[in-house]
Amino acid sequence: MVQALERPSSAKLPPVDHPLADIIHRLEAGGAMIPDTPENLMKIIGMYKAYSIPMDFYWRDLLYLGERVFIDPFPFFKYFPTKDYFDLLNHYAGDTADLRIWRGPAHAHPELMEFIEKGETRKLPRLLHHLWHDRINMEFSEDLARAMMWHGMGGQLDVYLDSDEYKAAAHKAIRAYFKRNPLMLALHKLFPDLFLEQARQATYMNVLGLFWEVMAPVFFEISDRYDEGSIRSVKDAMNFLVNGIFAIAGRPIYHHVYIDDEVHVLVPKEKGFMWLYEAAFPYVEAVFYRTAPFRGTKSYNAQANQVPSEQVDFHYGILFADKFPVGTAGIPPTLLHQDMYHFLPQYLRDHFHQHCRGEDDILVQLGIAFQRSMYTVTSAVLQATRAAFYYPLDDPNPEHLMANRRFFVAQMDRFIRPQYGIVDACKIRNVQDPNYR
């Protein structure tokens, strides 16, 4: 896409007066929020590779949850997608791809399948691996889907979930799902909103699955290109992400539920909901910025205004997280860190062992590297938003460049607000320092 070819304009603007002026100028020059250094590049690419393999399981199981588990009140085996979901061909990899992003195969990644079979221990039945917690931690992905739903970040999709059309389709699917269970049918009749909310949650599970089906091959491919030497800078990596965002922007967002041999369409493709507006942008806003107060790290006094009264002021996402190994599904997502640990490329594993306090510290170091990688993804989203709604970086018109600057300044203002300790919680200054480990 054209974004990767843009260069800073020859037109000059005066230096910006802002606490994060260096980052704003870097964004105006087409860079990212983190410095463009070889170490930063190694860390973000290594984390993309380590993230992509668990993500290949996340998106498959999320579609299984949305399409098959649906509103099961006792989903004991919800983390056990059937074989056909592992065989499901990714639409953006393999020879049959709608748009081939990754040059690898479309079925589940071989390293993922090997880990599911053997885990950290040895080859055992999947149930034993699950009970021993020697598995991919799907709790993380569920938590993020619930965060998107709770914050109502689905744009027009979120509005549609409150429409009579969606409610009618959902109630029909609920009745079909419980057609052999008179007790649940009676419960649904008495409390119709109970399972309707579960249906909405299943829709968000499906949406997040469709989002990650795209991101997994993007991360696989960027890792391969780094290994080949064609990704040589943080800017190269960010531009690859920007191009991917634009290439996939119009992917349909939908939700189909499969009950016996019948398909129930809760969100039709014909509604025109698109990946960029109903999945990508909402994901970044709800997960990178907002989520919810960190569980297991500190106590909050809402009466003392330590918790925002408005959800728009929440600031507990990955861009603000202290990297505590608390073992939770939320942010900081140490269950995700544990998943990524299994698939670290050797160069990053060696780096962590060189710069951390031994094996017990590696999850913390991994989490900090992951934070850097997510600042880079956020940078790609900012540059994509600027390209879509504002002006090219090489625009010769100073007024257009000033409009770009106002956009970047507004985004950086989000990180320096004094309310609720946002400015203290934000890690944007930390990730500028190579010694932040």
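Relevant structure appears above.
Residues numbered from 1 in each chain as written. Predicted model: local features only at pLDDT ≥ 70, side-chain atom pairs only at ≥ 80, totals over all residues. Heavy atoms only, no water.

**Q** Could you give an account of unusual backbone geometry, with specific residues and numbers?
**A** The residue Phe70 is not glycine, and still its phi comes out positive at about 55 degrees. Looking at Phe70, the relative accessible area reads 7%, which means it is buried. Backbone geometry places His133, a non-glycine residue, at a positive phi of 65 degrees. For His133, the location among the structural elements is in the loop between helix H5 (126-131) and helix H6 (139-151). Classification of His133 by relative accessible area gives partly exposed; the value is 41%. (Buried < 20%, exposed > 50% of the residue type's maximum accessible area, 1.4 Å probe, protein only. Helix = DSSP H or I, 4+ residues; strand = E, 2+ residues; numbered from the N terminus.)

**Q** Can you break down the environment of Ile245 residue by residue, with the values?
**A** Among the structural elements, Ile245 can be located in helix H11 (residues 234-248). For the pair Ile245 and Lys83, spaced 162 residues apart in the sequence, the C-alpha separation amounts to 30 Å. Once residues lying within four places of it in the same chain are set aside, the contact partners of Ile245 are Trp275, Leu276, Ala380, Val381 and Ala384. (Contact = heavy atoms within 4.5 Å.)

**Q** Pulling in residues and values, what's your account of the pattern of salt bridges?
**A** For side chains of opposite charge, pairing can occur when their charged atoms come near one another. Applying the stated criterion to the full structure yields 24 salt bridges. Here Lys43 ties to Glu39 by a salt bridge, and the two come within 3.0 Å at their closest N and O atoms. With Lys43 and Glu39 both in helix H2 (residues 38-69) and four residues apart, this pair spans about one turn of that helix. By relative accessible area, Lys43 is classed as buried at 4%. The partly exposed category is assigned to Glu39, whose relative accessible area is 25%. Put simply, Arg103, Glu221, Arg225 and Glu228 are held in one network by salt bridges that share partners. (Salt bridge = Lys/Arg side-chain N within 4 Å of Asp/Glu carboxyl O.)

**Q** Can you tell me about a nonpolar patch on the surface, naming the residues and giving the values?
**A** On the surface, Phe74, Phe76, Phe77, Leu127, Leu128 and Leu131 cluster together to form a nonpolar patch covering roughly 710 Å² of accessible area. Mapped onto the secondary structure, Phe74 falls in the loop between H2 and helix H3 (83-86). A residue is classified by how much of its surface remains accessible, and Phe74, at 53% relative accessible area, is exposed. (Patch = residues over 30% accessible without salt bridge, like charges linked within 9 Å, V, L, I, M, F, W, Y side chains within 5 Å. Areas by Shrake-Rupley, 256 points an atom, 1.4 Å probe, with all protein chains shown as cover.)

**Q** Can you explain the side chain of Asn404? Please cite residues and give values.
**A** For Asn404, the location among the structural elements is in helix H16 (residues 398-413). For Asn404, the side chain forms a polar contact with the main-chain oxygen of Pro392, separated by 3.5 Å. Beyond its immediate sequence surroundings of up to four residues, Asn404 is in contact with Arg386, Tyr390, Tyr391 and Pro392. (Polar contact = N/O pair within 3.5 Å; in protein donor to acceptor, adjacent residues only side chain to side chain.)

**Q** An account of the nonpolar core is requested, with residue identities and associated values reported.
**A** The biggest cluster of nonpolar side chains holds 138 residues, and the ones touching the most others in it are Tyr51, Trp212 and Phe415. If we ignore the near neighbours within four places in the chain, the residues touching Trp212 are Tyr51, Met55, Tyr58, Trp59, Leu62, Phe140, Ser141, Leu144, Pro217 and Tyr283. (Core = buried A, V, L, I, M, F, W, Y, C linked by side-chain atoms within 4.5 Å.)

**Q** Which residues make up the packing of aromatic side chains, and what values go with them?
**A** A complete count under the given rule lists 31 aromatic pairs for this structure. Their ring planes at 75 degrees and their centres at 5.9 Å tell us that Tyr277 and Phe281 sit as a pair that is edge-to-face. In this pair, Tyr277 and Phe281 both sit in helix H12 (residues 275-290), four residues apart, roughly one turn of the helix. Tyr277 sits in the partly exposed class, given a relative accessible area of 35%. (Phe/Tyr/Trp six-rings, centres within 6.5 Å; stacked < 30°, edge-to-face > 60°.)

**Q** Residues and numbers for the pairing of strand E1 (residues 255-259), please.
**A** Of all five residues in E1, four are buried; the element is thus mostly enclosed. With five bridges joining them, E1 and strand E2 (residues 262-267) adopt antiparallel strand pairing. Each residue of the ladder has a partner; that of His255, found in E2, is Val267. (Pairing = 2+ DSSP bridges.)

**Q** Lay out helix H10 (residues 192-228) with the relevant residues and their values.
**A** Along an α-helix, residues three or four positions apart point the same way, because every turn accommodates 3.6 residues. With 37 residues, H10 should reach 54 Å at 1.5 Å per residue; the first-to-last C-alpha distance of 55 Å fits that figure. Across the 37 residues that make up H10, a large majority, 27, are buried. (Expected span 1.5 Å × (residues − 1).)

**Q** Pulling in residues and values, what's your account of helix H4 (residues 110-118)?
**A** When we look at burial in H4, the residues that qualify are Leu112, Phe115 and Ile116. Viewed end-on, H4 has its buried residues packed into an arc of 100 degrees, placing them on one side of the element. Buried residues in H4 make contact with H2, H3 and H5. Gly119 lies just past H4 and shows a positive phi near 60 degrees. (Arc of directions from axis to C-beta.)

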